[in-house]
Structure formats: structure tokens, C-alpha cells
Amino acid sequence: MADGVMRRVLKVRRQRDIVAQQVWAENKVLTLTLDEKVGQVFQVRVSGSTLTEADRAVIADKHIGGVIYFQWNGNLDDPTQAAQLSNDLQTAAMGVGGTGIPLLISLDQEGGRVTRITGGAQFPGNMGIGASRSAELARLTGSVFGAEIRAIGANMDLAPVLDVNNNPANPVIGVRSFGEEPGLVAEMGIGYLQGLHDHEVIACAKHFPGHGDTNVDSHSGLPVVTYDFNTLDTIHGRPCREAIAAGLDTVMTAHIVVTCLDPDRPATLSPLVIDGYLRANLGFDGVVMTDSMGMAGVTSGYGVDQSSVMAIQAGVDMLSLSPDLDTAMAAVKAAVISGAIPQARLDQAVTRILRLKRRYGLFENPFVDTSAAAGIVGCQEHWNAEVAVARGAMTLVQNTGGILPLNLNESDKVLLVTVQSSAETTTDAASRFASFITARHANVQSLSISENPGSSARNTVRTAAASAAVVIIATAHADSYSGQSTLVNQLVALPKPVIAVGLREPYEFAAIPGVTAYLAAYNYRNCGFAAAADAIFGVVNPSGLLPVTIPGLYSFGHGLSY
């Protein structure tokens, strides 16, 4: 059969499947009680590495629709443990006392800074992927994450991040974004979601309608952006629009005020944003979920009961991580009974949720083989993929005198100084980076410093640098910490090369422009350290291009090679 005919046949089949799923979901909703419907629109977290009886009761008795995993609370200590927890959760939802409806089990497996699965693939993160300019590497990242998410029994990734980071002062997105150009963000985001879909994992784009041009973190306050509609639509809306056309399943809302759409309410609570812009303008009919309802972007202005009702009224389908589940559920139920939330609106939300669960086969088999998880998560094939993507991310911004790649004698001492960022959950960055540098050159002294080293720490580094042939300093937000930028510039004043490896956003280069070379790695992960060592010593030739502008110095798209 000719390719064109086959594509048309497959398109017709998909359309038939969509219609069948919709009809099935609508009929299923008719069989549910009000309490069961209300439960489906809530996503919760559970405590620990095993399912407690208290959490089991919440899942079953409240008919909960979804669970979000976190690393900090013990959900993801070990792949086998996580897979068993997933199975136990699904049993609670579908077994005696449950609704027979499987759970959406999700996690924020973005890559780079935000990576949840213990022992699993990490990758360099989105800004590194953006630097590679490779949709294939974006898809490879999503595919590996999809395989590992499925292995632990989860079925949804709260990714890709489609925020366009065109504000260097953004305190919460930064390297979590693919870059500052909407076309790049769209292309990389679509590649990423296609990789997730390769393993039947649901993709959830965030943070709609765009958290990339904010200077307030919605975890701690309410950001307000005042650009006009054209800016919103052509820059921040474009990646989401294109991802929807590519088959995006789910969208997560941001707790931000976008004044051109609704000057009074956060996007999460605004029908003008959700039913208006996202549904009517962008044409999205998938599941809309909120970011955590416990974040200050919501709680600073609204009570739990009020915000829960407003979000459903606005067109949201699932409420995530309410700070008071009982209050939120009671408020939604009471609003349906009173008519403040029309019954049809609740039914619409639940229909979308059930349709999504059926589309991904969760009703047929929500369980996972626990014995297989450990052999998939963090396997050698996935490590090789991580390093390949991290190598593609390496961006050589400055290389005065062609100092890189380094060509040293065995006796030449390298001083490696690594900033341990307080924002990174990973520990012992200095020893991890040193292990990859020493694999390329044995004579290395490694030091760790804080983000804002005082005069004593700076003196220690300068003393060590006196006997070094070259200094490599791994930096993080050097533009935000005077102690760090002062140290780098003091090292620059010494009569020896200073190579800076940027482990976060490359905007920091503006504070340390005198370094002999600047290599942007964008991450603290081992794959990034391995790729940086390879680039420094010429094992690979850097090919990355800046995905953001360094104001006044280097433009979007700049990048050197050897």
C-alpha cells in the first residue's frame, strides 16, 4: 500500500478510536456517583516507599483520580520499590472499595535540575537540549524517560516544559526551558513528547500560558506579566499551540496573572484563560490540570474551598495537591449540588480524564512487572543516551587563544574548583566532576566552594591555583553572587588560563567575561560532567549553540568549535 494511502487509513482509524473512546467515557460517567466523579478530579501525594493503610483508604474511599510521585518523600527510593508502590496504588483504586478506575500516576521527570527517579537517567535538562538544536536528541530524552517511567508503573510525565525563557531574571524556569525562541521550544518540546509517546507515556506540557517571562516564583508569590496579546500568542502560546497539533495529551496551568487575558485572576482560576484562550483559541480538548494548589500563587489570594471551585468553573479538569483535600472535595461537591458548578461541567471533566486513561490502556492493564524495573532504570543503554545528549549540549562560548582543547604534560597540575549550588538537590558535585576530569588527566587537585565564598575561601583557592598550570572552575549563577564572581576575576588576574564551565544558565558569563574559555554545560548531572570533561580535553568537539542571549555579549545561536 502506498505511503499516502496508509497515512490516510491510519488517520481514519485514529479518528474512529477517538470517537469510540469519547462514547465509552461518556457512558462510563453516567454510571458514577457524585462522590466518585468528584474524586476523579483530584490528584494527591502519598507518603513513603510503601502504601500505608491511611493512604490506601484515601485512594479507595475518596475515589481519587491521580497520584503524583516525589523523591523527597520516599516514593522513588528504588525502582523495584516504586513499581510495587504503583501496583499497590492501582489495586487500591480498582479493587474492593475502589471505583474500578485506574489512577494516573505522574512525576516531574523533566531532566537536568528536575529529575525524580532514584538511580535513573538524568540527562542535561531542557536548555542543554535546546543548545543541541536536535529534535532527535529531544526525542531520545523523552523515550528514555518514557521507558523508565513505565518501568516503575507510572504512566504520566509532567513534562515537557514549554515555557519560553526570555527573561534572564526568571527565578524558577531558567535551564528548565529549551530556550528563548518559541520555534526552538516548540520543536524540542514536540520531539520530547514524541519520545514519551513511543513508550505509551502521557505527556503534560507546562506551565500554561507561559512562565518564561516572570521575575517572581509562583511557589512563593503571584507573578504578573503585562505584555500584550500578540506577545503572548506569538511567543509564549506558540509552543503549546504546536504541541497540541502534534498530539499533546495534557496541559498544566501556571499560577500567574496574564493581564492581556485576565487582569484579575491567576490563569488557573480564569475561564478567560482556560475556556477562552486554551480551549477556544488554541483548540485544546485534552485534560487540563493545575500546578500544585498549595503554591502561594493561589493560596496568597484564595481559600482552599474558593480556589478549588473556581478552577473547575474555569475549565480545569484535575486539581493537584490540594493543601486540604477534605475541604477542597467538600467544596467541589457542594458547588455541584448548588449548581455553582454545573453537573455538565463536572461530567465534562471526568469524561476527559476517563477518555485519557482508556486511550493509554490503563483500564486493560494498569500494573507493571516489578521484577523488570531494576534492569531498565539506569541501564547502560540509558547512560549512553544521556552522555550523547549531554555532549550535544556542550556550548563553547569563548575560547581565547584556542586554549581548548587542553594539551597538557603529565606533570601539569590542574586545579578544579566546583561551586556546590544550594539549589541543586544532588550532593558532592566536586568529587563527581573530579572523577571525570581525572579520567582524562591524572594530576588534578579538586576543591569545593559555596555559591558565595568569603575571603578566606577565596584565599584558599588562590593559594592552590599558584602551583597549577591551568584552573577549571565550575560556576553557577556567578552573576548573582559577588563572592563567586570576585573569585573568578581574581583567578583571571593570575598568569595562567582559567576555564569556566557553566553549570546553570549562561547569563552569568556577563559577570566573568575575562575568563580564557567559557563552556556552557547547563547542568550538575554526571552526564554533564562527563561531557564537559570530554569537551575540555578534546574527546568531543563542542557543537552546541546558545539557546538564549547573553545580553550585551553573545547572541542567541552563538557557539564555537575547535
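These numbers come from a predicted model, not from an experiment. (Residues numbered from 1 in each chain as written. Predicted model: local features only at pLDDT ≥ 70, side-chain atom pairs only at ≥ 80, totals over all residues. Heavy atoms only, no water.)

Student: I tried to follow the overall build of the protein on my own but got confused; where do I start?
Tutor: Each helix and strand counted, the protein has 20 helices and 16 strands in total. The C-alpha radius of gyration of the protein comes to 25 Å, within 12% of the 24 Å expected for a compact globule of 562 residues. If you take every contact in the protein between residues at least 6 apart in sequence, the share linking residues at least 24 apart comes to 76%. Summed over its atoms, the accessible surface of the protein is roughly 19600 Å², and 51% of this surface lies on carbon and sulfur atoms. Side chains of the protein carry 38 positive and 51 negative charges; the gap between the two charge centres is 3 Å. (Helix = DSSP H or I, 4+ residues; strand = E, 2+ residues; numbered from the N terminus. Rg over C-alpha atoms; globule rule 2.2 N^0.38 Å. Contact = heavy atoms within 4.5 Å. Areas by Shrake-Rupley, 256 points an atom, 1.4 Å probe, with all protein chains shown as cover. Lys, Arg positive; Asp, Glu negative; His and termini not counted. Charge placed at Lys NZ, Arg CZ, Asp CG, Glu CD.)

Student: Can you walk me through empty space enclosed by the protein in this structure?
Tutor: Unoccupied space between atoms shows up once a probe the size of one water molecule is rolled over them. Within this structure, the stated rule accounts for five cavities of 30 Å³ or more. Forming the boundary of the largest cavity are Leu 162, Asp 163, Ala 205, Lys 206, His 207, Phe 208, Pro 209, Gly 210, His 236, Pro 239 and Cys 240. Put simply, the parts of the chain that give the lining of the largest cavity at least two residues each are β5 (202-208) and α9 (238-245). The element best represented in the lining of the largest cavity is β5, accounting for four residues. When grouped by side-chain class, the residues that make up the lining of the largest cavity number six nonpolar, three polar and two charged. (1 Å grid on protein atoms, 1.4 Å probe; cavity = no way out; pocket = protein on both sides within 12 Å on 5 of 7 lines; lining within 4 Å. Points joined across faces, edges and corners; volume = space filled by probe spheres on them. Nonpolar A, V, L, I, M, F, W, Y, C, P; charged D, E, K, R; others polar.)

Student: What am I meant to see in the pattern of salt bridges here?
Tutor: Opposite charge on two side chains permits them to pair, given that their charged atoms come into close proximity. Under the counting rule described, the total for this entry stands at 20 salt bridges. A salt bridge links Arg 440 to Asp 534, with the shortest nitrogen-to-oxygen separation between them at 2.6 Å. Of this pair, Arg 440 sits in the loop between α17 (429-438) and β13 (444-449) while Asp 534 sits in helix α20 (residues 526-536), and the two are 94 residues apart along the sequence. Judged by its relative accessible area of 4%, Asp 534 falls in the buried class. Each member of the salt-bridge network shares a partner with another, and the members are Arg 279, Asp 285, Asp 317, Arg 345, Arg 352 and Arg 355. (Salt bridge = Lys/Arg side-chain N within 4 Å of Asp/Glu carboxyl O. Buried < 20%, exposed > 50% of the residue type's maximum accessible area, 1.4 Å probe, protein only.)

Student: Is there a simple way to explain the packing of helix α6 (residues 135-151) against helix α7 (residues 182-198) in this structure?
Tutor: In helix packing, the relevant descriptors are the interaxial angle and the interaxial distance, both defined with respect to the helix axes. The interhelical angle for the contact between α6 and α7, taken along N-to-C directions, is 35 degrees, at an axis separation of 6 Å. The interaxial crossing formed by α6 with α7 has right-handed handedness. Residues Ala 135, Ala 138, Arg 139, Thr 141, Gly 142, Ser 143, Phe 145, Gly 146 and Ile 149 of α6 lie in contact with α7, whose contacting residues are Glu 187, Met 188, Gly 191, Tyr 192, Gln 194, Gly 195, Leu 196 and Asp 198. (Axes fitted to C-alpha atoms, helices over the stretch in contact; angles between N-to-C directions. Left-handed = near helix turned anticlockwise from the far one by under 90°.)

Student: Got a minute to help me understand the sheet that holds strand β14 (residues 470-475) in this structure?
Tutor: The strands making up a sheet associate through backbone hydrogen bonding, with each pair oriented either parallel or antiparallel. Within the open sheet, the six strands sit side by side as β11-β16-β15-β14-β12-β13. Their pairing is mixed. With partners counted over all chains shown, the strands left at the sheet margins are β11 (395-399) and β13, one partner each. Direction aside, the axes of adjacent strands within the sheet are offset by 15 degrees on average. Taken together, the four bridges between strand β15 (residues 498-502) and strand β16 (residues 517-520) define a ladder with parallel strand orientation. Directly across from Ile 499, in β16, lies its bridge partner Ala 517. (Pairing = 2+ DSSP bridges.)

Student: Help me out: how do you make sense of the environment of Ile 190 in this one?
Tutor: Summarising the element assignment, Ile 190 is placed in helix α7. What makes Ile 190 buried here is its relative accessible area of 17%. Along the chain, Ile 190 and Ala 521 lie 331 residues apart, while their C-alpha atoms are 23 Å from each other. Among residues more than four places away in sequence, those in contact with Ile 190 are Glu 242, Ala 243 and Ala 246.

Student: How should unusual backbone geometry be read in this particular structure?
Tutor: Leave glycine aside and you will find that most residues have negative phi; peptide bonds, for their part, are mostly trans. In this model, Ala 159 is joined to Pro 160 through a cis peptide bond whose omega is 10 degrees. Note on placement: Pro 160 falls in the loop between β4 (156-157) and α7. Of note, the bond from Leu 404 into Pro 405 is cis; its omega dihedral lies within 30 degrees of zero at 5 degrees. Tracing the backbone shows Pro 405 in the loop between β11 and β12 (414-419). Even without being glycine, Tyr 522 reaches a positive phi, approximately 75 degrees. A residue is classified by how much of its surface remains accessible, and Tyr 522, at 1% relative accessible area, is buried.

Student: What's the story with the sheet that holds strand β2 (residues 66-68) in this structure? I'm lost.
Tutor: Strand order in the open sheet formed by eight strands is β9-β7-β5-β4-β3-β2-β1-β10, with parallel pairing between adjacent strands. Each end of this open sheet is capped by a strand with a single partner; those strands are β9 (287-290) and β10 (319-320). Docked against the sheet, helix α14 (residues 343-359) engages β3 (104-107), β4, β5, β7 (250-253) and β9, running at close to 110 degrees with respect to β9.

Student: Where do I start with α6 in this structure?
Tutor: Side chains of residues three or four places apart in an α-helix project in the same direction, reflecting 3.6 residues per turn. End to end, α6 covers 24 Å across 17 residues, agreeing with the expected 24 Å (1.5 Å per residue, within 8%). With 12 of 17 residues buried, α6 is to be regarded as a mostly interior element. Residues of α6 that are buried: Leu 137, Ala 138, Thr 141, Gly 142, Ser 143, Val 144, Phe 145, Gly 146, Ala 147, Glu 148, Ile 149 and Ala 151. (Expected span 1.5 Å × (residues − 1).)

Student: Sorry if this is basic, but what is going on with the side chain of His 441 here?
Tutor: Locating His 441 in the fold gives a position in the loop between α17 and β13. A distance of 2.6 Å separates a polar atom in the side chain of His 441 from the backbone oxygen of Asp 412. With residues up to four places along the chain from it excluded, the contact list for His 441 reads Leu 408, Asn 409, Glu 410, Asp 412, Val 414 and Phe 537. (Polar contact = N/O pair within 3.5 Å; in protein donor to acceptor, adjacent residues only side chain to side chain.)

Student: How do you make sense of the state of the cysteines when you look at a structure like this?
Tutor: As used here, a disulfide is simply a covalent bond connecting the sulfur atoms of two cysteines. This model, assessed by the stated rule, comprises zero disulfides. This cysteine, Cys 260, is not joined by any disulfide, and Cys 240 carries the nearest cysteine sulfur, 15 Å off. On the basis of relative accessible area, Cys 260 is assigned to the partly exposed category, the value being 28%. Here Cys 527 is not disulfide-linked; the sulfur of Cys 379 is the nearest cysteine sulfur, at 14 Å. (Disulfide = S-S within 2.5 Å.)

Student: Which parts of the structure should I look at to understand the environment of Gly 294?
Tutor: Mapped onto the secondary structure, Gly 294 falls in the loop between β9 and α11 (296-299). With residues up to four places along the chain from it excluded, the contact list for Gly 294 reads Thr 299, Leu 321 and Pro 323.

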